[in-house]
Amino acid sequence: QGQLQESGGGLVQAGGSLGLSCAASGRTFSSSKMGWFRQAPGKEREFVAHITWSGSTNYADSVKGRFTISRDRVKNTAYLQMNSLKPEDTAVYYCAAATEGRVRYDYWGQGTQVTVSS
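Okay, so let's go over this structure.

Rules of the game
Position numbers for residues start from 1 in each chain and track the written sequence from start to end. Whole-chain, interface and lining totals are the exception, using all residues; otherwise, since this is a predicted model, local features are given only for residues with pLDDT of at least 70 and side-chain atom pairs are given and counted only at 80 or more. Side-chain calculation: all heavy atoms of the structure are included, whereas hydrogens and water are not. Between the rings of Phe, Tyr and Trp (Trp by its six-membered ring), a pair exists once the centres lie within 6.5 Å; its type follows the angle of the planes, with under 30 degrees stacked, over 60 edge-to-face, and the other angles tilted. A run of DSSP states H or I qualifies as a helix once it reaches four residues; a run of E qualifies as a strand once it reaches two. Both are numbered from the N-terminal end. Buried means the residue's accessible area, taken with a 1.4 Å probe over protein chains only, is under 20% of the maximum for its type, while exposed means over 50%, and partly exposed covers the values in between. For two strands to be treated as a pair, DSSP must find no fewer than two bridges joining them. Axis geometry follows a simple rule: fit a line to the C-alpha atoms, using only the stretch in contact for helices, then measure angles between N-to-C directions, giving values from 0 to 180 degrees.

## Brief notes about the packing of aromatic side chains
Per the stated rule, a full pass over the model turns up five aromatic pairs. Residues Phe37 and Phe47 carry aromatic rings whose centres are separated by 5.8 Å and whose planes lie at 75° to one another, so their mutual orientation is edge-to-face. Placement of Phe37 in strand β4 (residues 33–39) and of Phe47 in strand β5 (residues 46–51) is noted, with a sequence separation of 10 residues between them. Residue Phe37 is classed as buried on the basis of its relative accessible area of 11%. Looking at Phe47, the relative accessible area reads 25%, which means it is partly exposed. Geometrically, the ring pair formed by Phe37 and Tyr105 is edge-to-face, given 5.0 Å between the ring centres and 85° between the ring planes.

Have a look at this one:
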């Protein structure tokens, strides 16, 4: 049974940077699509970015050019580097994995809080 654990959240001023990590355990996710999602207070969870097993990436328009998703297969870890942060980026950030070619994500982390102050 695999697990995902996010880390790296915190409080940062607008314009600053934060890096999130998603450490996988219990199984390998090297062939899985890995994604980042976020949920702000009172809003639905939204897609942020994903990276496929081959390294292809996709981003939400709201974060393009500011966020970068990456992965380290050996460490079984995914990352989200967030630059030029805005107050509207404030949310709980979740990592997820879609295993065995699934379209839907079947593993989710517990989330990490990111707060951007103005």
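## Concerning the sheet that holds strand β7 (residues 67–72)
Judged by pairing direction, the sheet is antiparallel, and its four strands sit side by side in the order β1-β3-β8-β7 without closing on themselves. The sheet is open, and its two edges are formed by β1 (3–7) and β7, each paired on a single side. Shown here is a sheet whose adjacent strand axes are inclined to one another by a mean of 15°, direction ignored.

Everything listed is a geometric property; what it means functionally is a separate question.
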